[in-house]
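Summary of structural features
Below, each chain spelled out in residue letters.
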Amino acid sequence: MEKIRKVFSVLIILTAVMYSHSFATGADEREFQTLDKPKNIIVFISDGMGYNHLKATNYYQYGQSPAQIFEQPDWTHFAMATYSSVMRVRNGDTIFSGGYNPQLASTNPNYIKRGYTDSGAAGTALSTGKKTYNGSIGIGIYGDTLLHMSQAAKALGKSTGVVASVQLSHATPAAFIAHNEHRNNYSDIARYILFHSQADVVMGAGNPDFDNDGKPAENNAQFLGGNEIWEMLKTNDGRTVFETTDGTFYVQDATGDGQPDPWTLIQTREEFQNMATGPQPTRVLGVPQVHATLQQSRTRIEEHNMPFETPMNENVATLEEMTRAAINVLSQNPQGFFVMVEGGAVDWASHGNDGARMIEEQIDFHNAINAAVEWVETYSSWDETLIIVTSDHECGYLTGPGEPDPIYQPVTNNGKGNLPGMQWHYGSHTNTLVPFFAKGPGAEYFKLMAREHDPVYGPFIQNTDMASLVFLLWGKPEIEVHKLK
Ligand SMILES: [Zn+2]
């Protein structure tokens, strides 16, 4: 009964907030006090994962689907629309296009190949609650700077972080903590993350001193803000001022005590593993010893096409190890934390229509989720930690084999340890719905946000709904957020 009353309360408040952008009456504000508010939020995003990516990995891992912890019935599950916003000026009028039409999607096999989002716009929508243009990193359609959930977490005194299996300044991690007109400005984005964000933990690939096989090499330092900054970071001397030929950069105060908080850099797999337990520094930059991505870009042994047949980069931390380390560091803050963990190379494997590598990446993603669930059940609880598992868009138009235009045809099960029957129809993203799962305080409120219906996937939410709900539960602080320049 209490649950029903709370859900009813949130419905009233959501309606009030959506139409007036504030609490309409004192009564609403009182009801708001009774809502379940998560102390910690852990968001998992598999970049490029559609329903068939998940199903294919389930068949390979377990010979059945559904199979993952987050697919169990005590998790809230919906489909989610991912399209971005396109602004056009026609006859002097500004119009916005972009959308998802369930009827067309279920009848026309080419419909979902158009109007798809990129990871910048999708990450921004997930992080800020605003649809925007493709390529954006935390910037709105009018060039306005959008507030991230992680910035709302900071206003509450929480710690924040991002963890990615691709470069730490790539679109998805950037879209949760940075602001830039375009995702391709890697060096500027890295400098924003290092010197303008107040993030406590940033972990991802992009190491300039290694190649994609985890071997020493001289590589591009743009993902870490350039060579001069990278060299200074490596000294791990508690530096707070970085003087470079491009100017002087200062690290931010992340803990709110008025003092700048230097980065502690870790690189080796052992350093990540050791960070999973015990007291740790409060501010950590984790850059595994590999360039583009943890494993997906490693050189293939040609005849090997099954997952894991090409030996793994053994010196490189897994996404699971990075996640355990990040949560251990962030959870030192008694006020709680927000972290986004991205399985970033599921998308890269899917662009290449490479089922074996896609499954490898998706398994690493599942292992990271299982580690977080284990942490919740050991050190926290489902009363204080909300976990969300979702995707930013589908990639590769993956279906089961057989028909030329098999809309929604599921991949087929060939048993545990065998590649499932898969057919790729596209080398890019699609506009189809993706899965969304949640468990913990606030998870059931997503039921109220599923306002649209798809004939195949049922009720669905928008990718803007996650941040909208978090801003409702945590509050949306009136703080100014800045671009780099
Ligand atoms: Zn992509």
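To be clear, the structure that these remarks concern was listed above.
Here the structure is a predicted model, which is why all the values come from computation and not from measurement.

**Focus on the overall build of the protein chain**
Along the backbone of the protein chain there are 14 helices and 18 strands. For the protein chain, the C-alpha radius of gyration of 22 Å lies close to 23 Å, the compact-globule estimate for 485 residues. Classification of the 485 residues of the protein chain by burial places 51% in the buried group. Considering only residue pairs separated by 6 or more positions, the protein chain has 70% of its internal contacts joining residues 24 or more positions apart.

**Thoughts on helix 3 (residues 51-62)**
Here helix 3 contains twelve residues, and its C-alpha end-to-end distance of 16 Å stays within 8% of the 16 Å for a straight helix at 1.5 Å per residue. Within helix 3, ten of the twelve residues are buried, leaving the element largely enclosed by the surrounding structure. Buried within helix 3 we find Tyr51, Asn52, His53, Leu54, Lys55, Ala56, Thr57, Asn58, Tyr59 and Tyr60. Those residues of helix 3 hidden inside the fold are in contact with helix 12 (345-351), helix 13 (355-379), strand 13 (398-399) and strand 16 (434-439).

**What to know about the nonpolar core**
Core analysis: the largest hydrophobic core is formed by 127 residues, its most contacted members being Phe44, Ile193, Ala326 and Val339. Looking at which element gives the most residues to this core, the answer is helix 13, with nine residues. Aside from chain neighbours lying at most four places away, what touches Phe44 is Val341, Phe365, Ala368, Ile369, Ile388 and Val389.

**A word on helix 5 (residues 119-128)**
In terms of residue burial, helix 5 counts as a mostly covered element, since ten of its ten residues are buried. Among all positions of helix 5, only Ser119, Gly120, Ala121, Ala122, Gly123, Thr124, Ala125, Leu126, Ser127 and Thr128 are buried. Along its buried surface, helix 5 packs onto strand 1 (40-48), helix 6 (149-155), helix 7 (171-177), helix 12, strand 12 (385-395) and helix 14 (465-474). Immediately downstream of helix 5, the backbone of Gly129 shows phi near 80°, a positive value.

**Thoughts on the packing of helix 3 against helix 13**
Two numbers describe how helix 3 lies on helix 13: the axes approach to 9 Å, and their chain directions differ by 85°. One finds that helix 3 runs roughly perpendicular with respect to helix 13. Along the contact surface, helix 3 presents His53, Ala56, Thr57, Tyr60 and Gln61, while helix 13 presents Gly355, Met358, Ile359, Gln362 and Ile363. Looking at side-chain class alone, the contact of helix 3 with helix 13 contains five nonpolar, five polar and no charged residues.

**Re the environment of Gly50**
Mapped onto the elements of the fold, Gly50 is located in the loop between strand 1 and helix 3. On the basis of neighbour count, Gly50 is assigned to the buried category, with 27 C-beta atoms found within 10 Å. A C-alpha to C-alpha distance of 10.0 Å links Gly50 and Ala79, two positions 29 residues apart in sequence.

**Things to note about the pairing of strand 1**
Counted residue by residue, strand 1 has nine buried out of nine residues, so it is predominantly covered. Note: strand 1 against strand 11 (residues 337-343), six bridges, orientation parallel. Looking at strand 11, one finds that Ser46 is bridged to Gly343.

**Section: the pairing of strand 11**
With seven of its seven residues buried, strand 11 lies for the most part within the structure. The alternating pattern of strand 11 places Phe337, Val339, Val341 and Gly343 on one face and Phe338, Met340 and Glu342 on the opposite face, and all of these are buried. Both strand 5 (residues 159-167) and strand 11 contribute to a ladder of six bridges, which runs parallel. Bridge pairing in strand 11 places Ala164 opposite Glu342.

Reading the values: rules and limits
- Residues numbered from 1 in each chain as written.
- Predicted model: local features only at pLDDT ≥ 70, side-chain atom pairs only at ≥ 80, totals over all residues.
- Helix = DSSP H or I, 4+ residues; strand = E, 2+ residues; numbered from the N terminus.
- Rg over C-alpha atoms; globule rule 2.2 N^0.38 Å.
- Buried ≥ 20, exposed ≤ 12 C-beta atoms within 10 Å, placed from the backbone.
- Contact = placed C-beta atoms within 7 Å.
- Expected span 1.5 Å × (residues − 1).
- Core = buried A, V, L, I, M, F, W, Y, C linked by C-beta atoms within 7 Å.
- Axes fitted to C-alpha atoms, helices over the stretch in contact; angles between N-to-C directions.
- Parallel < 35°, antiparallel > 145°, perpendicular 65-115°, else oblique.
- Nonpolar A, V, L, I, M, F, W, Y, C, P; charged D, E, K, R; others polar.
- Pairing = 2+ DSSP bridges.

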